[in-house]
Amino acid sequence: MNSLIEVSLKNEPPVKTAQRLETLIATLQTESTKQTNYEKYKVDAALRQTYSAIEGSFAKDVAAFGNTDELKPLADFYNRGIAQTNGYDDTAQKHLRHFATFGHNALLTDVEEGALLKLKESAFTIYKTNLAKAPATAQQPPAKTQQPARNSRTPQTLNKGANETISSAVDSQHYYNELVNLLSFYDSRAAFDKGAQLLEASYQQGSDQR
Amino acid sequence: MGTILTAATPNGLTRIALVQVQQGKRADAVATLRTAMNSSKNSLASSVFTYADKLRQWGLSKEALEFYDEGLKRYLKNPYEQNLTLRI
């Protein structure tokens, strides 16, 4: 795969190489969904190989040799990919994290930021939607049960708020994790003002929910 | 007992292609390599990738890219029985 990337970068602009590799990934993903067991394993192995080639050698070559004229269309290509990826299911998360890793290794900060922002927004949308559904069930008084005193054999309860269901507590944890990831990205780039704005905005969003 | 180099075998044709590259006959070398590839009984993508790798090592990167593309096409026709490895 590294040889293909090397040859492709020598003869074509990086955006063409990216298109070639991302098309290969899309085709392999389609094939993977059609199959089970050993066949699926084979295609998944090829998928992992392609992902690591893009995030590894391709991204590093782009960072080392790419010039401004070539990087702009490449960043646009990946930003379009980020915009087209919706939801917070496993596939969408995998895509967005792939874009973020590529952006990080290729030093395309806007791609990395875009992917992390999209992850955070998707996680928040899921959290908000599920929280809106929750009150109907959550506001019912909990059934009175004889809760035994906690000892080494009683399971620890999930740390959730009074009006939260287990599902919304998990969603809020996802949203929190994405927020922390994005904040770490801003911290690593010394973009503290952006980090502060993000925290303020997320606090406002949280206040609106309560 | 030395190895007999027969021009008709894929290995022999590959050596001829190398000589053609050294003579500066790029198009002839690619054609010879293609003949070697077609005469090989192995129709798997990894076989095409091997020839593409040879072209890359000889500095014919544009021609190598065409071979890699062909290898990818062959691979995608049946990805379940092949590997996406460029080297054997």
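Residues numbered from 1 in each chain as written. Chains lettered and ligands numbered in written order. Predicted model: local features only at pLDDT ≥ 70, side-chain atom pairs only at ≥ 80, totals over all residues.

K.L.:
Summarise the overall build of chain A; cite the residues concerned and give the values.
P.N.:
Across its full length, chain A holds 9 helices and 0 strands. Seen in sequence order, chain A has helices and strands lined up from the N terminus as α-α-α-α-α-α-α-α-α. When the 210 residues of chain A are sorted by exposure, 26% land in the buried category. Taking the intrachain contacts of chain A between residues at least 6 apart in sequence as the baseline, contacts between residues at least 24 apart amount to 65%. (Helix = DSSP H or I, 4+ residues; strand = E, 2+ residues; numbered from the N terminus. Buried ≥ 20, exposed ≤ 12 C-beta atoms within 10 Å, placed from the backbone. Contact = placed C-beta atoms within 7 Å.)

K.L.:
Explain the confidence of the model for chain B to me, using residue names and the numbers behind them.
P.N.:
Overall, the predicted model of chain B reaches an average pLDDT of 83, with 88% of residues at or above 70. As a predicted assembly, this complex carries a pTM of 0.79 together with an ipTM value of 0.79. (pLDDT = per-residue confidence, 0-100.)

K.L.:
Please provide a residue-by-residue account of the interface of chain A and chain B, values included.
P.N.:
It is common to give the size of an interface as the accessible area that goes away when the parts come together. Between chain A and chain B, the contact holds 17 residues from the first and 13 residues from the second. Mapped onto the side of chain A that touches chain B, the elements with two or more residues apiece are helix 1 (2-11), helix 2 (14-34) and helix 3 (37-65) of chain A.

K.L.:
Can you tell me about the packing of helix 1 (residues 10-22) of chain B against helix 2 (residues 26-39) of chain B, naming the residues and giving the values?
P.N.:
All names here are of chain B. Close contact between helix 1 and helix 2 brings their axes to 8 Å; oriented N to C, the two are set at 170°. One finds that helix 1 runs roughly antiparallel with respect to helix 2. On the side of helix 1, the interface is formed by Pro-10, Leu-13, Thr-14, Ile-16, Ala-17, Gln-20 and Val-21, while helix 2 contributes Arg-26, Asp-28, Ala-29, Thr-32, Leu-33, Thr-35, Ala-36 and Ser-39. Partitioning the contact of helix 1 with helix 2 into residue classes produces 8 nonpolar, 5 polar and 2 charged. (Axes fitted to C-alpha atoms, helices over the stretch in contact; angles between N-to-C directions. Parallel < 35°, antiparallel > 145°, perpendicular 65-115°, else oblique. Nonpolar A, V, L, I, M, F, W, Y, C, P; charged D, E, K, R; others polar.)

K.L.:
Residues and numbers for the environment of Arg-15 of chain B, please.
P.N.:
Residues and elements named next belong to chain B. Mapping Arg-15 onto the fold places it in helix 1. According to the C-beta neighbour criterion, Arg-15 is partly exposed, with 15 such atoms within 10 Å. Residues Arg-15 and Gln-57 lie 42 residues apart in sequence; the distance between their C-alpha atoms is 14 Å.

K.L.:
Any chance you could break down the domain arrangement of chain A for me, citing the residues and the numbers?
P.N.:
All names here are of chain A. Annotation of chain A at the domain level lists domain 1 (1-66) and domain 2 (87-135 + 162-210). The gap between the C-alpha centroids of domain 1 and domain 2 is 27 Å. Residue-level contacts link 7 residues of domain 1 with 6 residues of domain 2. Classifying every residue of the side of domain 1 that touches domain 2 gives 5 nonpolar, no polar and 2 charged. (Domains from an automatic or database assignment.)

K.L.:
Before we move on, can you summarise the nonpolar core with the specific residues and values?
P.N.:
In terms of nonpolar packing, the biggest core is built from 59 residues, with Tyr-78, Phe-99 and Ala-115 of chain A together with Leu-33, Ala-52, Ala-64 and Tyr-68 of chain B touching the most fellow members. Element by element, the count of residues in this core is highest for helix 6 (residues 109-133) of chain A, at 8 residues. Domain assignment of the residues forming this core places at least three in each of domain 1 (1-66) and domain 2 (87-135 + 162-210) of chain A. Excluding residues that lie within four positions of it along the chain, Ala-64 of chain B makes contacts with Val-7 of chain A together with Ala-52, Leu-55 and Arg-56 of chain B. (Core = buried A, V, L, I, M, F, W, Y, C linked by C-beta atoms within 7 Å.)

K.L.:
Lay out helix 3 of chain A in plain terms, naming residues and giving numbers.
P.N.:
Residues that lie three or four places apart on an α-helix share one face, since the helix turns once every 3.6 residues. Residues and elements named next belong to chain A. With 29 residues, helix 3 extends 41 Å from end C-alpha to end C-alpha; this agrees with the ideal 42 Å at 1.5 Å per step. Bending of helix 3 peaks at approximately 35° at the position of Ala-53. Residues of helix 3 that are buried: Val-43, Ala-46, Leu-47, Ile-54, Glu-55, Phe-58, Ala-59 and Val-62. In this fold, the buried residues of helix 3 make contact with helix 1, helix 2, helix 4 (68-84) and helix 5 (90-105). (Expected span 1.5 Å × (residues − 1). Bend = angle between axes of the 7 residues up to and from the residue.)

K.L.:
Outline the environment of Asp-187 of chain A, listing residues and values.
P.N.:
All names here are of chain A. As for its placement among the helices and strands, Asp-187 is situated in helix 8 (residues 166-188). The class for Asp-187 is exposed, based on 12 C-beta atoms found within 10 Å. Put simply, Asp-187 and Ala-63 are 124 residues apart on the chain and 21 Å apart in space, counted from C-alpha to C-alpha.

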